[in-house]
Amino acid sequence: MKRKSVIDIKEMKSKTPIVCLTAYTATIGRVLDEEADLLLVGDSLGMVLYDHENTLSVTLQQMINHSQAVVRSTSRACIVTDMPFGTYEESVDVAFKNAAKVMKETHCSAIKIEGGQNMFDTVKYLTGRGIPVMGHIGLQPQSVLVDGGYKIKGRNKFDWAKFIDDAKALEEAGAFSVVLEGMAEPLAAEITELVSIPTIGIGASSKCDGQILVTEDMVGLTDISPKFVKQYINIGELIKDAAVQYRKEVISREFPTKNHVYGMTPTIVKKEK
Ligand code: KIV
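Below is a short write-up of the structure. What you are looking at is a predicted structure, and each value in this text was computed from that prediction instead of being measured.

### Observations concerning the sheet that holds strand 8 (residues 210–213)
Then, in step 1: Taken in spatial order, the eight strands close into a barrel running 1-2-3-4-5-6-7-8, and their pairing is parallel. Within the sheet, the average angular offset between the axes of one strand and its neighbour, ignoring direction, is 25°.
Then, in step 2: Sheet topology places strand 2 (residues 38–41) next to strand 3 (residues 78–82); four bridges connect them, and they run parallel. Its bridge partner being in strand 3, Leu-38 is matched across the sheet by Cys-78.

Written out as structure tokens, the structure is:
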């Protein structure tokens, strides 16, 4: 089966829910490739893998390194790479230069940027020059400092117009899909109705055209548990249990056993005449 393209993802709108997850490493990419239509190399890796307080310190080179690993380890999912803070906001030329570098060096299928109407020119410039773009509106983690925290959007209907216009602007600029993060459920459902491109929800609505979660949140490898995360398994606990047992066996010398060590090559003794 060939890798899903952004066109395949676009055509899934209103037909089949689009299954999306984050992947930052070859190990996780390999495991998720068959289950996800789209894998996002999200800049959330700054917090999840590198323990930063927010995503703002993630660099373009980090995104390229992780994206290369995910692309190499997968063959079916559409791979989207996040553009980190500070690499696309300054001008359309800077955005193109950095996005083209990501596309060339990683062979991913598309890039993602945060923003709506304010990113209209940038999205239009990139898509008009061969770079598929996924938008990201609602709660935008790269704006955490100006927003004063991670705040859910659109709880008040008077605020809805801005987010609806953001989604429409991205659609008009040529984005192939848009992430709706951290917004009131009815607003996310309304945006999904109003735009022709797929909406991918996270803390949004089951009516979105697809859903995305940070894989490490879903499998219990992070400490945070916001309301929108469903933890399907607690791998963190399983790893801890394994480490406790390993520690015990190393100290008691039960590990390694004969099965885990190497013997000598048998020597051939020649008979003397
Ligand atoms: O960086 C990320 O992982 C994201 C998803 C949460 C959508 O942007």
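### A few points about the nonpolar core
Then, in step 1: Of all hydrophobic cores here, the largest spans 53 residues; its most connected members are Ile-111, Leu-180 and Ile-191.
Then, in step 2: For this core, the element with the highest residue contribution is helix 8 (residues 160–173), accounting for six residues.
Then, in step 3: Excluding residues within four positions of it along the chain, Ile-111 makes contact with Val-80, Thr-81, Met-83, Ala-99, Val-102, Met-103, Leu-126, Ile-131, Pro-132, Val-133 and Met-134.
Then, in step 4: Within the second largest apolar cluster, 16 residues are counted, among which are Cys-20, Cys-78, Phe-176 and Ile-212.

### A closer look at unusual backbone geometry
Most of the time, phi is negative for any residue but glycine, and the peptide bond is trans.
Then, in step 1: Look at the link from Phe-255 to Pro-256: it is a cis peptide, with omega at 0°.
Then, in step 2: Within the secondary structure, Pro-256 is located in the segment after helix 11 (235–251).
Then, in step 3: Even without being a glycine, Ser-14 presents a positive backbone phi close to 65°.
Then, in step 4: By the element assignment, Ser-14 lies in the loop between helix 1 (6–11) and strand 1 (18–22).
Then, in step 5: Positive phi, close to 60°, is recorded for His-107, a residue that is not glycine.
Then, in step 6: By the secondary structure assignment, His-107 is in the loop between helix 5 (92–106) and strand 4 (110–112).
Then, in step 7: The class of His-107 is exposed, set by a relative accessible area of 62%.

### Description of the site of the ligand
Then, in step 1: Taken together, Thr-22, Leu-40, Gly-42, Asp-43, Ser-44, Asp-82, Lys-112, His-136, Val-179 and Ile-202 are the residues near the ligand.
Then, in step 2: Interatomic distance of 2.5 Å between a side-chain N/O atom of Ser-44 and an oxygen atom of the ligand.
Then, in step 3: Taken together, the residues that form the shell around the ligand break down as three nonpolar, four polar and three charged.

How each quantity is defined
Once a new chain begins, its residue numbering starts again from 1 and follows that chain's sequence as written. Owing to the predicted nature of the model, reporting of local features is limited to residues with pLDDT of at least 70; listing and counting of side-chain atom pairs is limited to 80 or more, with chain, interface and lining totals taken over all residues. Only hydrogens and water are set aside when side-chain values are computed; all heavy atoms of the structure are taken into account. The rule for pairing is simple: two strands pair if DSSP sees at least two bridges between them. The numbering of helices and of strands both runs from the N terminus, where a helix is a DSSP run of H or I of at least 4 residues and a strand a run of E of at least 2. With axes taken as lines fitted to C-alpha atoms, and helix axes fitted only over the stretch in contact, angles between N-to-C directions fall between 0 and 180 degrees. The definition of a nonpolar core used throughout is a set of buried Ala, Val, Leu, Ile, Met, Phe, Trp, Tyr and Cys residues joined through side-chain atoms within 4.5 Å. Each residue's exposure class comes from its accessible area (1.4 Å probe, protein chains only) as a fraction of the maximum for that residue type: buried when under 20%, exposed when over 50%, partly exposed otherwise. Note on definitions: a residue-residue contact is assigned when non-hydrogen atoms from the two residues lie within 4.5 Å. What makes a residue near a molecule or strand is one non-hydrogen atom of that residue sitting within 4 Å of it. In protein, a polar contact means a hydrogen-donor-capable atom and an acceptor-capable atom, both N or O and within 3.5 Å, with residues adjacent in sequence counting only if both atoms are side-chain atoms; elsewhere, any N or O pair within 3.5 Å suffices. Ten residues, namely Ala, Val, Leu, Ile, Met, Phe, Trp, Tyr, Cys and Pro, are considered nonpolar, four, namely Asp, Glu, Lys and Arg, are considered charged, and the remaining ones, Gly among them, are considered polar.

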